[in-house]
Amino acid sequence: MIRNILGSIVALAGAAAAVLSPFRDWYDGRLGRNYRVADLVNGISADSNVITGVRPGLWGSIWLPLLFGAAVTVVGVLLRSRLLVAFAGVVVLGFTVLWMVRQGQATGSLTVASDGTGLQTGVAYAAGGAALMLLGAVLMPGRRAGGSRLRRGDRNRPYAAPGSAEPDTWPPTQEPGPSVQTSPWPEPEADPYTGPGPSRADQDTATYPVQDEGPEGRRPPRP
């Protein structure tokens, strides 16, 4: 349970970072949402959107696949599915790496500089979010539907009687099966009374009450 909660929190944190990454600078002060999804296929034209002022719509930018990965992560957390969360992490990481490849082709190289040029925080958000999603998938134990379904089936299945190799013993063990008692007579039962019996001396000196006879039934005294 604790692993599931921890993995879910880590995966959701990664999804949030991936969604926010296009609103940060990715390269040379250019926001991630200014890159189109088509640029990842056709190639990135360096600074074309900055110069002309033409920007793609939010739903046509690379924010769309990152949002898709975040949505899959949420569904995977709700369903406690490690595969869905891991798939979302692979999607986000794949689009981030693909963007880096296209950006490197457009500029000739990828650099990180202290003056704010080159790769910036938006890429770190996207890559870090993908890493957190994959880490969350590893931490989550996932659903064990097969095991729980099997246990429910075993609970409803009738108890199988043991074979002759496992006979029942006396006293009974509440389990069906052949008994080791081979005599045709009933099995002996213990006497419920376990107290001490009277001694021999007490039996010899024991007196028994005599019923008193009425006046008519008395015999006359002997002379």
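Residues numbered from 1 in each chain as written. Predicted model: local features only at pLDDT ≥ 70, side-chain atom pairs only at ≥ 80, totals over all residues. Heavy atoms only, no water.

Moving on to the packing of aromatic side chains. Enumeration according to the criterion identifies four aromatic pairs in this entry. Relative to Trp63, the ring of Phe23 has its centre 6.2 Å away and its plane inclined at 70°; by these criteria the two rings are edge-to-face. With Phe23 in the loop between helix H1 (2-20) and strand S1 (25-27) and Trp63 in helix H4 (residues 63-79), this residue pair connects regions lying 40 residues apart in the sequence. With a centroid separation of 5.4 Å and 85° between ring planes, the pair formed by Tyr35 and Trp99 is classed as edge-to-face. A residue pair is termed long-range when its members are at least 10 positions apart, and Tyr35 in the loop between strand S2 (30-31) and helix H2 (39-42) and Trp99 in helix H5 (residues 82-107) qualify at 64 residues. (Phe/Tyr/Trp six-rings, centres within 6.5 Å; stacked < 30°, edge-to-face > 60°. Helix = DSSP H or I, 4+ residues; strand = E, 2+ residues; numbered from the N terminus.)

Further remarks concern the confidence of the model for the protein. Averaged over all residues, the pLDDT of the protein is 76; the fraction at 70 or higher stands at 57%. When the elements of the protein are averaged for pLDDT, helix H3 (residues 48-52) gives the smallest value, 44, and H4 the largest, 95. When the criterion is pLDDT under 50, residues 48-53 qualifies, and its contacts beyond four places in sequence or with other chains add up to six contacts. (pLDDT = per-residue confidence, 0-100. Contact = heavy atoms within 4.5 Å.)

With that settled, consider empty space enclosed by the protein. This model, assessed by the stated rule, comprises one cavity of 30 Å³ or more. Of the voids in this model, the largest cavity is the one considered here, and its volume is about 30 Å³. Taken together, Trp26, Leu40, Ile62, Pro65, Leu66, Phe95, Thr96 and Trp99 make up the full set of residues lining the largest cavity. For the lining of the largest cavity, the secondary-structure elements that each account for two or more residues are H4 and H5. For the lining of the largest cavity, the element with the highest residue contribution is H5, accounting for three residues. Tallied by class, the residues present in the lining of the largest cavity amount to seven nonpolar, one polar and no charged. (1 Å grid on protein atoms, 1.4 Å probe; cavity = no way out; pocket = protein on both sides within 12 Å on 5 of 7 lines; lining within 4 Å. Points joined across faces, edges and corners; volume = space filled by probe spheres on them. Nonpolar A, V, L, I, M, F, W, Y, C, P; charged D, E, K, R; others polar.)

Across the interface, H1 lies against helix H6 (residues 121-139) with an axial gap of 7 Å and an inter-helix angle of 160°. As far as their axial angle goes, H6 and H1 are roughly antiparallel. For H1 against H6, the interelement crossing comes out left-handed. Contact with H1, carried on its side by Arg3, Leu6, Gly7, Val10, Ala11, Ala13, Gly14, Ala15, Ala17 and Ala18, involves Tyr125, Gly129, Leu132, Met133, Leu135, Gly136, Val138 and Leu139 of H6 and no other residues of that element. (Axes fitted to C-alpha atoms, helices over the stretch in contact; angles between N-to-C directions. Parallel < 35°, antiparallel > 145°, perpendicular 65-115°, else oblique. Left-handed = near helix turned anticlockwise from the far one by under 90°.)

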